[in-house]
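Below, each chain spelled out in residue letters.
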Amino acid sequence: AAAAAAAAAAAATHVVPTAAERAQVEQVLEGNLVGIDWDIVAEVFVKSRAAADCRIQWTANDHPRINKGKWTAAEDKLLFRLATQHGTREWDQVAHELGSNRTAMQCLIRYQRSLNRSLVRRRWSKEEDARLLRAVQVH
């Protein structure tokens, strides 16, 4: 609350926040996301971005709790099972149940690039290219 108040005061007076104020806000941001005023974050700290951009960037990429490590075999196995169970549209739920601090987007990308058995992972043949070209020309 103190960090939010300091940021609000800085925004109201258009004063550049001090290093201590920035540190307070960063500490709050590393914790719970509830109560973060993304408008203040954007107005005071990231003036080149909108509040929604800041929220998305933080929750999808920059939050320190996001697991950015190499995927383990156990994660892959569970991810495959969860994607099969929930379908390929419920990535928030899949990420939550995976329980390894991966984002929904990380789960989607990993599944599609590495685990989805329905995707053909080889180069297009000349015959396939020719059939595609004919189909596009006809339709």
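Cut-off values and rules
Residues numbered from 1 in each chain as written. Predicted model: local features only at pLDDT ≥ 70, side-chain atom pairs only at ≥ 80, totals over all residues. Heavy atoms only, no water. Salt bridge = Lys/Arg side-chain N within 4 Å of Asp/Glu carboxyl O. Core = buried A, V, L, I, M, F, W, Y, C linked by side-chain atoms within 4.5 Å. Buried < 20%, exposed > 50% of the residue type's maximum accessible area, 1.4 Å probe, protein only. Helix = DSSP H or I, 4+ residues; strand = E, 2+ residues; numbered from the N terminus. Contact = heavy atoms within 4.5 Å. Patch = residues over 30% accessible without salt bridge, like charges linked within 9 Å, V, L, I, M, F, W, Y side chains within 5 Å. Areas by Shrake-Rupley, 256 points an atom, 1.4 Å probe, with all protein chains shown as cover.

Trainee: What is the right way to read the pattern of salt bridges from this model?
Mentor: Pairs can form between side chains of opposite charge once their charged atoms are near each other. Considering all chains together, one arrives at 4 salt bridges under this definition. Where Arg122 meets Glu128, a salt bridge forms, and the shortest distance between an N and an O atom there is 3.2 Å.

Trainee: I would appreciate a short explanation of the nonpolar core in the present structure.
Mentor: Generally speaking, a soluble globular protein has its nonpolar side chains buried in company with each other. Core analysis: the biggest nonpolar cluster contains 12 residues, these being Trp71, Leu79, Leu82, Ala83, Trp91, Val94, Ala95, Leu98, Ala104, Cys107, Tyr111 and Leu115. Listing elements by their share of this core, those giving two or more residues are helix H5 (73–86), helix H6 (91–98) and helix H7 (104–115). Not counting the four nearest positions on each side in its chain, Cys107 is found in contact with Trp71, Leu79, Trp91, Val94, Ala95, Leu98 and Arg102. Ranked by size, the runner-up nonpolar core spans 7 residues in total, among them Trp38, Val41, Ala42 and Ala51.

Trainee: How should I be thinking about a nonpolar patch on the surface in this particular structure?
Mentor: On the surface, Trp124, Leu132 and Val136 cluster together into a nonpolar patch covering about 340 Å² of accessible area. Mapping Leu132 onto the fold places it in helix H8 (residues 126–138). Relative accessible area serves as the criterion here: at 41%, Leu132 is assigned to the partly exposed category.

Trainee: Can you help me understand the side chain of Thr103 in this one?
Mentor: As for its placement among the helices and strands, Thr103 is situated in the loop between H6 and H7. With near-sequence residues (within four places) excluded, Thr103 lies in contact with Thr59, Ala60, Ile66 and Ala95.

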